[in-house]
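Summary of the model geometry
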Amino acid sequence: MTTVGRFRGPSDLHLHSARSDGTESPADVMRAAHAAGIGTASLTDHDTSVGWGEAAAASSALGMTFLPGMEMSARHAWRSVHILAYLFDPADAALAAELDRIRDDRLGRAERIVGHLARDYDLSWADVVAQTGDGATVGRPHIADALVARGIVADRAAAFDGVLHPREGYYEPHYAPDPFTAVDLIVAAGGVPVIAHPATAGRERMMPVPVLEELIARGLAGFEIGHRENTEAGKAQLRRLAERHDLIVTGSSDYHGAGKPNRPGENTTSDAMVARIIARGHGSAPVFA
Ligand code: AMP
Ligand code: FE
Ligand code: FE
Ligand code: ZN
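Residues numbered from 1 in each chain as written. Chains lettered and ligands numbered in written order. Predicted model: local features only at pLDDT ≥ 70, side-chain atom pairs only at ≥ 80, totals over all residues. Heavy atoms only, no water.

Here the focus is the overall build of the protein chain. Within the protein chain one finds ten helices and seven strands. A globule of 289 residues ought to have a C-alpha radius of gyration of about 19 Å, and the protein chain, at 18 Å, matches this closely. If one aligns the C-alpha atoms of the protein chain with their principal axes, the spans along those axes are about 55 × 45 × 35 Å. Here the protein chain holds 289 residues, and 54% of them are scored as buried. Within the protein chain, residue pairs in contact and separated by at least 24 positions form 74% of the contacts whose partners lie at least 6 positions apart. When the accessible surface of the protein chain is split by element, carbon and sulfur atoms take 51% of a total near 11,400 Å². Of the side chains in the protein chain, 28 bear a positive and 37 a negative charge, and the two mean positions are spaced by 4 Å. (Helix = DSSP H or I, 4+ residues; strand = E, 2+ residues; numbered from the N terminus. Rg over C-alpha atoms; globule rule 2.2 N^0.38 Å. Buried < 20%, exposed > 50% of the residue type's maximum accessible area, 1.4 Å probe, protein only. Contact = heavy atoms within 4.5 Å. Areas by Shrake-Rupley, 256 points an atom, 1.4 Å probe, with all protein chains shown as cover. Lys, Arg positive; Asp, Glu negative; His and termini not counted. Charge placed at Lys NZ, Arg CZ, Asp CG, Glu CD.)

Looking now at the coordination of the iron ion (ligand 2). Those protein atoms acting as donors to the iron ion (ligand 2) are Asp21 (OD), His46 (NE2) and His256 (NE2), and they sit at 2.2 Å. We note that the donor set of the iron ion (ligand 2) lies within a single chain, spaced as D-x24-H-x209-H. The distance between the iron ion (ligand 2) and the iron ion (ligand 3) is 5.3 Å. Of the two residues, Asp21 is situated in the loop between β1 (11–15) and α1 (26–35) and His46 in the loop between β2 (40–43) and α2 (52–61); the sequence distance between them amounts to 25 residues. Side by side, Asp21 and His46 carry an identical accessibility label, which is buried. (Donors = N, O, S within 2.8 Å, 3.2 Å for Na, K, Ca; no water.)

Looking now at the coordination of the zinc ion (ligand 4). Ligation of the zinc ion (ligand 4) by protein atoms is provided by His14 (NE2), His16 (NE2), Glu71 (OE) and Asp254 (OD), these donors lying 2.1 to 2.2 Å from the ion. Here the donor residues of the zinc ion (ligand 4) share one chain and are spaced in sequence as H-x1-H-x54-E-x182-D. The two metals, the zinc ion (ligand 4) and the iron ion (ligand 2), are separated by 4.4 Å. One end of the pair, Glu71, is in strand β3 (residues 65–76); the other, Asp254, is in the loop between β7 (248–251) and α10 (271–280), and 183 residues separate them in sequence. Of the two residues, Glu71 and Asp254, neither departs from the other in class, the shared state being buried.

A few words on the nonpolar core. Counting residues in each nonpolar core, the largest one holds 47 residues, and the members touching the most others are Met30, Met72, Ile195, Leu212, Leu215 and Phe223. Setting aside its immediate chain neighbours within four residues, Phe223 contacts Val194, Ile195, Pro198, Leu212, Ile216, Leu238, Leu241, Ala242, Leu247, Ile248, Val249 and Thr250. Counting 17 residues, the second-largest nonpolar core is a separate cluster that includes Leu84, Ile248, Ile277 and Ile278. (Core = buried A, V, L, I, M, F, W, Y, C linked by side-chain atoms within 4.5 Å.)

If you trace the backbone, Thr40 turns up in strand β2. Thr40 gets classed as buried once you look at its relative accessible area, which sits at 0%.

Attention now goes to the pattern of salt bridges. Inspection of the entire model under this criterion finds 15 salt bridges. Between Asp145 and Arg156 there is a salt bridge, with its nearest N and O atoms 2.8 Å apart. Placement of the pair is Asp145 in helix α5 (residues 140–149) and Arg156 in helix α6 (residues 156–161), with a sequence separation of eleven residues. With a closest N to O distance of 3.2 Å, Glu168 and Arg167 form a salt bridge. The exposure class assigned to Arg167 is exposed, which follows from its relative accessible area of 55%. (Salt bridge = Lys/Arg side-chain N within 4 Å of Asp/Glu carboxyl O.)

Let us now look at the pairing of β3. Taking burial as the measure, the twelve residues of β3 include eleven buried ones, the bulk of the element. Bridging between β2 and β3 involves four bridges; their strand directions are parallel. Bridge assignment links Ala41 to a residue of β3, and that residue is Phe66. Two elements, β3 and strand β4 (residues 79–86), share eight bridges in a ladder whose sense is antiparallel. What sits directly across from Arg75, in β4, is Ser80. Hairpin remark: β3 followed by β4, antiparallel, with two residues in the connecting loop; positive phi at Ala77, about 50 degrees. (Pairing = 2+ DSSP bridges.)

Below, the structure is given as C-alpha cells:
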C-alpha cells in the first residue's frame with residue numbers, strides 16, 4: 001500500500017505552522033522548507049493535525065512529499081515530554097479525544113497565566129486571542145507574542161527567559177498524559193512515535209534510560225537526535241541506545257517561522273530512516289508529489 005522509495009530527500013520532519021505556535025500558514029511553512037532545499041517535509045503542530053490538508057496541497061504543488069505528523073504533549077514527573085507522531089489516523093477516537101482534552105486544557109491554562117500576568121502588566125486575554133490563529137493550539141508562545149505587541153518584552157526568547165519562566169510565578173502547567181499513554185495512543189492509531197528533542201538541557205533533561213527502554217517496549221519507534229537543543233552528551237547516549245534497540249533516529253529543524261531562530265533543513269533525516277517511518281506507519285499515508 002505505502003510506496004517506500006517515491007519520496008526524495010533531504011527530509012525535515014519537524015515543522016510548526018500558525019495552527020500551533022509557528023508564525024506562518026501551513027502552505028508558507030512548506031514553501032520555506034522547499035526554499036531550503038527540502039524534498040520531504042512533515043508538519044508537526046502541537047497536539048493537532050488541522051494543518052495537514054493545506055500543507056499537503058502546498059507541498060504537492062511544490063513537488064515535495066508530505067509526511068503527516070504532529071508533536072504530542074506528554075508529561076513525565078516534572079518533565080514536559082514532546083512526542084512526534086507520524087502517519088497516525090487523525091480520526092482514531094481515543095487519540096482524538098486525548099488531543100481534544102490537551103488542547104482544551106491548554107486554553108484554560110493560558111487564560112490562567114494571563115490572569116496572573118494581568119495583575120502586574122497591561123495585558124488582557126483579548127491580546128492573546130489576537131495573536132492566535134483560528135483553531136490553533138494555544139501555548140505560551142502566543143502569550144509571548146501578546147507581550148511583544150504590548151511592548152513589555154522584545155521577543156519570544158525574552159518572554160521565555162523572563163515572565164513566562166516558571167520561576168517568575170505566573171506559570172501554570174497544562175494537562176498532558178504520561179508518555180506511556182501517549183505512545184500507546186499513537187501506536188493504536190497506526191502512528192509512529194518518536195521522542196522530540198529528548199536530551200535538552202535544564203529542567204526538561206532526558207528521561208532515565210530505564211524509562212526510555214520501557215517506552216521502547218511499548219512501541220516507541222525512535223529518537224529525534226539531530227535537534228539544536230539536544231546536548232552533545234545526550235546525543236551520544238541516545239545514539240548508543242538507538243543502536244542497541246535498532247531504533248529510528250531522525251534529525252529536524254523544529255521550525256517555528258519567526259518565533260524561533262531554527263531554520264528549515266538545519267538538521268535532516270536520512271532517506272533510510274524516512275523509509276522506515278513510511279514502512280511502519282499505517283494510520284494515514286504520505287502524500288507524494
Ligand atoms: P507551552 O507548551 O505552551 O508551555 O510552550 C512551550 C513552547 O514554547 C514550545 O513548543 C516551544 O516551541 C516554545 N518555546 C520554548 N522556549 C522558547 C524560546 N526561548 N523562544 C521561543 N519559543 C520557545
Ligand atoms: Fe513549539
Ligand atoms: Fe517540542
Ligand atoms: Zn516542536
